[in-house]
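# Residue-level structure breakdown
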Amino acid sequence: MYWSIQKDGPMAKRGRPRAFERTEALRAAMNLFWEQGYEGTSISELAAGMGINSPSLYAAFGSKEALFREAVALYDATESDATASALAEPTARRSMEALLRNNLVAYTDPGTPRGCMIVLAANTGKTRNEEVREYLAEYRRSTISVVADRLRRGVADGDVPPTADIAAISAFFTTVLHGLSIQARDGASSAELQQVVDVAMAAWDGMVRPAATP
């Protein structure tokens, strides 16, 4: 079992450093959860994909749920560049468009499972896994908050009118973002998803138009 590497004695030089092996195994688990979902991925599949046996998996991560939480955290840390770069765009409108377009490119990347792990990995399931679903739901709610913060910055910068309904606009773009993930998993092409973004962005002017004076 390569998780236990001795510091001294004849076993000291066997294998690679534990941290490297653990990260590689965690990435393998992340891809399985991403592709098959939390409930759709068995411990035996995880152990095989990670290159360890089931007792070693439990020894290293504690439980399937604990492993899943670490896998989600790894996903968030390594797959969030599309959103981060979008929110750095100079105007709120450009940020919202980049949020959708950048992520749809990621969702249709042939080198990874389609769609977003945080949207797809545990939307439904057995009651006993409610904590897992709520864990991902909290991640999704945080996306709405981040989008709202970017729109408020647009108000401060003057490219979003102060009368704009920030909560509604944030919910709209986050809902489209999550829908792109589902459509990507269902096989929609990048070109088809780009058309969805075109329609979403056509609604921007109406969403931020100053309210009419009564």
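Located above this text is the structure these notes cover.
Worth saying up front: this structure is predicted, and the values here are computed from it rather than measured.

### Quick look at the environment of Ala48
Following the sequence through the fold, Ala48 ends up in helix H2 (residues 43-50). Between the alpha carbons of Ala48 and Ala25 there is a distance of 10.0 Å; along the sequence they are 23 residues apart.

### Things to note about the packing of helix H8 (residues 130-157) against helix H9 (residues 166-185)
Across the interface, H8 lies against H9 with an axial gap of 9 Å and an inter-helix angle of 130°. Between H8 and H9, the crossing angle belongs to the class labelled oblique. Of the two possible hands of crossing, H8 and H9 adopt the one that is right-handed. Along the contact surface, H8 presents Arg140, Thr143, Ile144, Val147, Ala148, Leu151, Arg152 and Val155, while H9 presents Ile166, Ile169, Ser170, Thr174, Leu177 and His178. Looking at the contact of H8 with H9, its residues break down into 8 nonpolar, 4 polar and 2 charged.

### A closer look at the layout of surface pockets
Approximately 520 Å³ is the volume found for the largest pocket. Lining the largest pocket are 24 residues, with Asp76, Glu79, Ser80, Thr83 and Ile118 sitting closest to its centre. Going through the elements one at a time, helix H4 (64-78), helix H5 (81-87), helix H6 (92-107), helix H7 (117-120), H8 and H9 are the ones with two or more residues in the lining of the largest pocket. The leading source of residues in the lining of the largest pocket is H8, at 5 residues. In the lining of the largest pocket, the residues fall into 12 nonpolar, 8 polar and 4 charged.

Conventions and cut-offs
Residues numbered from 1 in each chain as written. Predicted model: local features only at pLDDT ≥ 70, side-chain atom pairs only at ≥ 80, totals over all residues. Heavy atoms only, no water. Helix = DSSP H or I, 4+ residues; strand = E, 2+ residues; numbered from the N terminus. Axes fitted to C-alpha atoms, helices over the stretch in contact; angles between N-to-C directions. Parallel < 35°, antiparallel > 145°, perpendicular 65-115°, else oblique. Left-handed = near helix turned anticlockwise from the far one by under 90°. Contact = heavy atoms within 4.5 Å. Nonpolar A, V, L, I, M, F, W, Y, C, P; charged D, E, K, R; others polar. 1 Å grid on protein atoms, 1.4 Å probe; cavity = no way out; pocket = protein on both sides within 12 Å on 5 of 7 lines; lining within 4 Å. Points joined across faces, edges and corners; volume = space filled by probe spheres on them.

Any link to function would need more than the numbers given here.
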